[in-house]
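Coordinates in review
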Amino acid sequence: MAAKTISFPKGRGHLTHNNRDFICNNVVPERTSWNRTYIQEPLRDAYEKCFGQALRDYNAAQKRKGRRKDDYLKEIENSGNKEKTFYENIVQIGKKTDTPVVDENGTLTEEAKAAIEVLERYAKTFQERNPNLYLFNCVMHLDEATPHLHIDYIPVAHGYKNGMKTRNSLTKAFQQMGFAKAVSRKQNETVAWQEREREYLTNLCREQGIEIEVLGVQRDDLSLPEYKAAMREVEELEQQAAVLDKQLEETATKEKAAKEVLAKYDLRTETLKMISKETAAETKDMKSVAVPMTNLFGGEEYVKVKKNDWNKLLDAFNRSVSRNHLLEKYEKKISGLEKKIAALTDQVEKLKRFVASRGLGEAFVEFVKSLAPKTMKQRLEEAKSEADAHNRQREMPERGKAGKNRQWQHEM
């Protein structure tokens, strides 16, 4: 038997998808009844169980009404500390090429049966192995290409001195389960926990006779969960592309504004030519009104000017001084604008090189295309697809989820 892979990526935590309240295109509805539900508890009920008493104790100790907390779940949802109300991991053994759910006849394969046995043992021992990760939703999907688990849990950390004594904290929950504090980005509590879980899952596979391949960083093909994880990375890159797009747009706007100001005050071209022409004409006029006079005593020569012409000379002199000040002022402003444009142009080039170095070229183009307004035909087609999906969901028979709730507890 060829070696198989283990996938253990983070999930998005779409409970409606996990619990089949919503049916995606990759789901085979006829096999949805094959799915196994180990625990299915509403998130709000789970929060009451995990943090309800701690919340009541905290509020009872508050003398000021404004410091009381009404809804801890809402508080986490609106937290600015990147906290999540719950976390999810998708656990899969093999991929659709070596561990398909069904064969060509629609019968459960032997490979799938072996994988199901391992995944079920993993699900049933998760809570015991992870006392600070409260498991409130756990399902196995057999209506997709390969058997896999959705493990949804809430981190529960105890012993806080201030505020609520028990809180949602993934890092502290891991630490209270014995994982050392992070020393680097690649050596942290989450990484250590994932390595332990992978090792436990690997041992379960070997006990079941499944040989596991240890993958390196690079691989050509991805299983479904790993593909989803890779797509999340693509989405993050697309978000980076969107930020870069905004920066490029802002930079281009600043560059355009600077060029407009430069064009408005470009005194070295047409304006300078006009001033030079006017100055030359006035100088010629001043020369014509000044009459050279010879000094009878052999001293320095001087000119004789009529009073009216003298006043004109003074006005011309004042204008000349004003123009010189104006030219000096705008020469400095022009120099500053040229430096600003050079800096903005350099920034644009750096952003372009960054986009190219991250391989965001195609993703950036697709992101820009996605911003284009949709046609009426596209909107109608999307509306029809949504309606068809809704109708298919309504036609599905009621699956009696209640009887499956906490099935694993009775089996243990």
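Residues numbered from 1 in each chain as written. Predicted model: local features only at pLDDT ≥ 70, side-chain atom pairs only at ≥ 80, totals over all residues. Heavy atoms only, no water.

1. Observations concerning the overall build of the protein
Scanning the protein from terminus to terminus reveals twelve helices and seven strands. The proportion of buried residues among the 412 residues of the protein is 34%. Of the contacts made within the protein by residues no fewer than 6 positions apart, 72% connect residues no fewer than 24 positions apart. Surface summary for the protein: the accessible area is close to 26600 Å², and the carbon and sulfur share equals 52%. (Helix = DSSP H or I, 4+ residues; strand = E, 2+ residues; numbered from the N terminus. Buried < 20%, exposed > 50% of the residue type's maximum accessible area, 1.4 Å probe, protein only. Contact = heavy atoms within 4.5 Å. Areas by Shrake-Rupley, 256 points an atom, 1.4 Å probe, with all protein chains shown as cover.)

2. A short note on the nonpolar core
Ranked by size, the top nonpolar core spans 35 residues in total, and within it Y122, L133, L149, I151 and W193 carry the most contacts. Within the residue set of this core, elements represented by two or more residues are β2 (36–40), β3 (87–93), α4 (110–129), β4 (133–141), β5 (148–155), α5 (170–176) and α6 (189–207). Residue contributions to this core peak at eight residues, all from α4. When sequence neighbours within four positions are dropped, the list of residues in contact with Y122 reads F8, V91, R129, L149, I151, E197, Y200, L201 and L204. Ranked by size, the runner-up nonpolar core spans 17 residues in total, among them Y47, C50, A54 and F136. (Core = buried A, V, L, I, M, F, W, Y, C linked by side-chain atoms within 4.5 Å.)

3. Notes on the packing of aromatic side chains
A full pass over the atoms with the stated rule returns 14 aromatic pairs. Aromatic pair F8 and Y122: ring centres 6.4 Å apart, planes at 85°, arrangement edge-to-face. In this pair, F8 is assigned in the loop between β1 (6–7) and α1 (15–18) and Y122 in helix α4, connecting sequence segments 114 residues apart. Here F8 and Y122 have matching classes, each one buried. (Phe/Tyr/Trp six-rings, centres within 6.5 Å; stacked < 30°, edge-to-face > 60°.)

4. Focus: the environment of I116
Along the chain, the position of I116 falls in helix α4. Classification of I116 by relative accessible area gives buried; the value is 4%. Placed 30 residues apart in sequence, I116 and T146 show a C-alpha to C-alpha distance of 9.9 Å. Contact partners of I116, with chain neighbours within four places excluded, come to R36, L108, M140, L142 and P147.

5. Points about the pairing of β5
Within a regular strand, the side chains alternate between the two sheet faces. Within β5, eight of the eight residues are buried, which leaves it mostly tucked inside the rest of the structure. A two-sided burial pattern is seen for β5, the buried positions comprising H148, H150, D152 and I154 on one face and L149, I151, Y153 and P155 on the other. Where β3 lies against β5, six bridges are found, and the strand directions are antiparallel. Its bridge partner lying in β5, N89 is registered against I151. From the end of β4 to the start of β5, which pair antiparallel, there are six residues. (Pairing = 2+ DSSP bridges.)

6. Observations concerning the environment of K124
Examined against the element boundaries, K124 turns out to sit in helix α4. Counting along the chain gives 85 residues from K124 to I39, while the straight-line C-alpha distance between them is 9.8 Å.

7. A closer look at the confidence of the model for the protein
Confidence along the protein averages 78 in pLDDT terms, with 59% of residues attaining 70 or more. The low-confidence segment residues 216–224, where pLDDT is below 50, has 14 contacts with residues more than four positions distant or belonging to other chains. (pLDDT = per-residue confidence, 0-100.)

8. Examining the side chain of N188
Considering the arrangement of structural elements, one finds N188 in the loop between α5 and α6. A relative accessible area of 19% means that N188 is categorised as buried. Polar side-chain contacts of N188 include one of 2.8 Å to the backbone oxygen of R185. (Polar contact = N/O pair within 3.5 Å; in protein donor to acceptor, adjacent residues only side chain to side chain.)

9. Quick look at the pattern of salt bridges
With the rule as written, the count across this model stands at 13 salt bridges. A salt bridge links R20 to E144, with the shortest nitrogen-to-oxygen separation between them at 2.7 Å. Placement of the pair is R20 in the loop between α1 and β2 and E144 in the loop between β4 and β5, with a sequence separation of 124 residues. Classification of R20 by relative accessible area gives buried; the value is 4%. You can call E144 buried: its relative accessible area is 2%. Linked through salt bridges whose partners overlap, the residues forming this network are R20, D143 and E144. (Salt bridge = Lys/Arg side-chain N within 4 Å of Asp/Glu carboxyl O.)

10. Regarding the environment of T107
Checked against the element boundaries, T107 lands in the loop between β3 and α4. Exposure remark for T107: the relative accessible area of 43% places this residue in the partly exposed category. What T107 contacts, discounting residues up to four positions off in sequence, is V101 and V102.

11. Here we look at α4
The first and last C-alpha atoms of α4 sit 28 Å apart over 20 residues, in line with the 28 Å expected at 1.5 Å per residue. The principal kink in α4, of about 25°, is found at A123. The set of residues buried in α4 consists of A112, A114, A115, I116, V118, L119, E120, Y122, A123, K124, F126 and R129. (Expected span 1.5 Å × (residues − 1). Bend = angle between axes of the 7 residues up to and from the residue.)

12. Notes on the sheet that holds β2
Pairing in this open sheet of five strands is antiparallel, and the strands run β1-β3-β5-β4-β2 from one edge to the other. Because the sheet does not close on itself, it has two edges, and the strands there are β1 and β2. As paired strands, β2 and β4 are joined by four bridges and run antiparallel to one another. Bridge pairing in β4 links T37 to V139. Of the strands in this sheet, β2, β3, β4 and β5 are in contact with α4, which crosses β4 at around 165°. (Axes fitted to C-alpha atoms, helices over the stretch in contact; angles between N-to-C directions.)

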